[in-house]
Amino acid sequence: MTGRRELWRWGLVAPPLVISVALFVGPLAYLFYVSLHEVSPSELYGSWSLASYAAIAADPFYLLIIRRTLVTALAVLALALVIGYPVAYWIAKLPARARSLALLALLFPLMVSNVVRAYGWAAILGRRGVINTALGGLGLTDGPLGLLYSPEAVVLGLLTILLPYMVISIANVLASLDPRYAEAAQALGAGPIRTFIHVTLPLSAPGVASGLLLVFLLTLSAYVTIAVLGGPQSKLLVSLVYDSVVSFHWPQAAALAFTLLAIALAVSGAIMAVVRPGRVQGGRR
Amino acid sequence: MTGDDIDVRLAGVTKTFGAVAAVRDVSLEIPRGSIFSLLGPSGCGKTTTLRLIAGFEQPTQGQVYIRGRDVTDVPPYRRDFSIVFQSYALFPHLTVAENVGFGPRMRGVGRAVRGREVAEALALVKLAGYEARYPRELSGGQQQRVALARAIVVRPAVLLLDEPLGALDKMLREEMQVELRQLQQRLGITAVFVTHDQEEALTLSDHVAVMRDGRIEQVGAPRAIYERPDTEFVAGFLGASNFFDGVVVARDTAGAEIEVAGWRVRMADVTAAVGAQVRIAVRPERMRLGGPDAPGQPATVREIVYRGSTIHYYLDGAAGPILVHRQNAEPGAAELRPGDRVRCRWAPESGVVFAPK
Ligand SMILES: Nc1ncnc2c1ncn2[C@@H]1O[C@H](COP(=O)(O)OP(=O)(O)O)[C@@H](O)[C@H]1O
Ligand SMILES: [Mg+2]
C-alpha cells in the first residue's frame, strides 16, 4: 500500500525533476566545466586553466564593470524600495475592489516589450529627444545634454520596468496583514508612526524581501534596457557576457556568467540576512 | 457626570456601517474592578461595542467615557485601555519578553524597570522562563497567557477581551476562566469581556449585558439575568427554558392564577391584568416531578438522557414538550421509565411571566 503510494509520489515528481536536471542543472554544470578552461581559437575551449577567472580578478576593466553593475543594481533597489513602499502602502489601504484594480493597472506596463520601452526612453532622453528639444527650444541649455548612454539612464529605464514588481510584492503582504497587529500596538500606546516602525514595517518583511530579490535578479539579467540606454560607455556585467559570447571567448563568457551568479547569490543572501523575512512566519500554531 | 467608580461609560452610542446598524443606542456603566460581559449571539454587536470603547470605531452617535473623560474623539493610542483578541495578535517578530514589554516601551518606561514589569507580568500568567521564546514556539494556551500578560502589564483603566478563550479547547478554557477571574480580582482590573458562551459569561462576570440586534436586552448580575430574565429572548438564550402560554384568571397581592392548557398554576410577581395572555418561563432544574396522583400538570415520559451528574427527562405535557433536569442523586430520579405517567409542577416564585410580544 505505502509502496504503491511512494511509487505514485515519485511518478509525479520524476518528470519535472528530469526536466530541470536536463535543462538547468546539467547545462549549468557544463558551463562551469567550460569556465575552467583556456580560451581556444578553434575549439569551444582549450586545456584546463583558471585564466578566465584570473582575468576577471586582475583586469581593472572587469572590476570597474563589476562595481558599476553592483552600484547600478543597488541604486535601482534603493529607489524601487523608497518609491515602491509608500505606493504599496497606499494601495494596500484601498478597499478590496479598488486594490485589485490598482494592482491590475500596475501590470499593464509589463505588457509592453522592454525593447519598445527602452527605445521610448531613448526617444525622450536622446540628443534630439523630447527633453533636449524642449530645453533647447526654451533656450535653457546651450547644447544638448548627454542624458542618454549614462548609468542614470540605465537606472531610470530599469526602475520604470521593475517598480511594479516591488509594489505588487509589498502591497500583497501589507493587504493580507491582520489589522489586529496594528490595533494591538495602538492599544499599547503606539501612535501611527511608531506602529508603522515597530509593527507594520517588520511584518511586511516577506514582501520587501521578495520585492528586493525580484528587482535585483531582474536587474542583473536585464540586457536590452542596458544596451539601449547605457550604450557602449555604460556597460554592465551582462553586456560583457554577451560581448564574450559574440567574440567566441566561451570560457571567458562562462566565467563571467558564474561571476554574475556568485554576485546574485551573495547579494540575495545579504538581502535575506538584512530583511529576515523568516522572523514573521507563524502566528498561532 | 459619571461617578468616580465608573471606569467605562457609554451614553446613547449608535454605530452604523452603511445600512447596517451594528450597535443601537447602547448606554452602560462599568464599575471599577468588575468584569462586565457582553453576551449575545453572533452578529449582535458585541465586538463593535468593544471596538467603540477602544476607539477602533467611531460612534455614529453618542459618547464614550473612560474614567470620566470623554474619549469619543480621542484616538486609540491615547485612550487608557488594552485589549486581548481571540487571535491574540502577538507580534510574531518579537520574543515573549518583547511582546509583553511593548506597552511599557511605548509608554517610555526605561529598560530596567521594563524588565522587572515584564518578569512580574509573566509570573502572574505563570510563564516565567519563556522570555526568549517566539510566539510560534508556544502552544495556544501559552500564547493566550502572553496576550494577557501583554495587556495587563500596562495596568490599563480597562481591559477589553474579545472572545479571548474562544480558540482554546473546553478543558483549557474552563481553567483559564478561573485563572482570569483570580487575576482580575487580585489586580482589581476593570474588564469588558465579549463572549457568545452563556456559561462563560455567568462564570466570569460581575455584570452581564445580554445583547440582541445591536441593543442591550438586559443588564444584571449573572444570577439575576439567569433567574429573573426580563424578556423571552434572555430566558431562551441563557440556558434552557420551558415556555407555557396561558391566561391570567385571578390576581391578588401575592401573585396570580394562570390557566395553562386547562390546568391552573400560581405565579408570583405578575404584572399582567386578569384576562391577559401571558407566557411563563420555567428552568428545567426548577421543575418538580411527582407520581400520577401528585398535584401538577399531567405528562408522559418520552425520553430519559443520562448526563452523569444530571438526568434530563423529555416529557410530553398537555401544553407541549417539557424538559426536566434532576440531580441523579435525587431520590427516585433513577426509577422513571419512558412511557411512565407523571405530574410536573413548580413553585410560584421559580418561574417568570412575560406578556407575549
Ligand atoms: N467593519 C464593518 N463593516 C460593515 N459591517 C460590519 C463591520 N463590523 C461589523 N459589522 C456588522 O455589524 C454587526 C455586528 O457585528 P459584530 O459587532 O462583529 O458582532 P458580534 O461580535 O456580536 O458577533 C454584524 O451584522 C456585522 O456584519
Ligand atoms: Mg465578535
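Up top is the structure these notes are about.
Draft legend 1. Quick look at the nonpolar core. Ranked by size, the top nonpolar core spans 133 residues in total, and within it V100(B), F102(B), L148(B), L159(B) and L160(B) carry the most contacts. In terms of residues, this core owes the most to one element, helix α7 (residues 151–176) of chain A, which gives 14 residues. Filtering out sequence-adjacent residues up to four positions away, L148(B) remains in contact with V84(B), V125(B), L159(B), L161(B), M176(B), L180(B) and L183(B). Formed by 27 residues, the second largest nonpolar core is a distinct cluster that contains M267(B), V278(B), I280(B) and M287(B).

Draft legend 2. Representation of the site of ligand 1. All names here are of chain B. Close to ligand 1 lie F17, V20, A22, P41, S42, G43, C44, G45, K46, T47 and T48, which account for all nearby residues. Separating an oxygen atom of ligand 1 from a backbone N or O atom of C44 is a distance of 3.2 Å. Side-chain polar atom of T48 to an oxygen atom of ligand 1: 2.5 Å apart, as the coordinates give it. In isolation ligand 1 exposes 560 Å². Once the protein is present, 58% of that is buried. Of all the secondary-structure elements, those providing two or more residues to the shell around ligand 1 are β2 (20–31) and α1 (46–54).

Draft legend 3. Looking closely at the interface of chain A and chain B. Listed as interface residues are 25 residues of chain A and, on the opposing side, 30 residues of chain B. Across the interface of chain A and chain B, roughly 2500 Å² is buried in total on both sides, 62% from carbon and sulfur atoms. Linking chain A with chain B are one salt bridge, by the criterion used here. Summed over the shared surface of chain A and chain B, the number is seven residue pairs in polar contact (both at pLDDT 80 or more). Secondary structure elements with two or more residues in the side of chain A that touches chain B: α8 (179–187) and α9 (192–203) of chain A.

Draft legend 4. How the structure looks around the pairing of strand β10 (residues 215–220) of chain B. Across five bridges, strand β9 (residues 207–212) of chain B lies against β10(B) in antiparallel orientation. Across the sheet, residue M211(B) finds its bridge partner in β10(B), namely I216(B).

Draft legend 5. Expanded view of the pattern of salt bridges. Residue and element names in this part refer to chain B. Taken as a whole and assessed by the stated rule, the structure comprises 23 salt bridges over all chains. The shortest N-O distance in the salt bridge between D7 and R67 comes to 2.7 Å. Linking D7 in strand β1 (residues 6–17) with R67 in the loop between β4 (61–66) and β5 (69–70), this pair joins segments that are 60 residues apart in sequence. What makes D7 buried here is its relative accessible area of 0%. Overall, the relative accessible area of 42% leaves R67 in the partly exposed class. Between K126 and E179 there is a salt bridge whose closest N-O contact spans 3.7 Å.

Calculation criteria
Residues numbered from 1 in each chain as written. Chains lettered and ligands numbered in written order. Predicted model: local features only at pLDDT ≥ 70, side-chain atom pairs only at ≥ 80, totals over all residues. Heavy atoms only, no water. Core = buried A, V, L, I, M, F, W, Y, C linked by side-chain atoms within 4.5 Å. Buried < 20%, exposed > 50% of the residue type's maximum accessible area, 1.4 Å probe, protein only. Helix = DSSP H or I, 4+ residues; strand = E, 2+ residues; numbered from the N terminus. Contact = heavy atoms within 4.5 Å. Near = heavy atom within 4 Å. Polar contact = N/O pair within 3.5 Å; in protein donor to acceptor, adjacent residues only side chain to side chain. Areas by Shrake-Rupley, 256 points an atom, 1.4 Å probe, with all protein chains shown as cover. Buried area = accessible area lost by both parts, 1.4 Å probe. Salt bridge = Lys/Arg side-chain N within 4 Å of Asp/Glu carboxyl O. Pairing = 2+ DSSP bridges.

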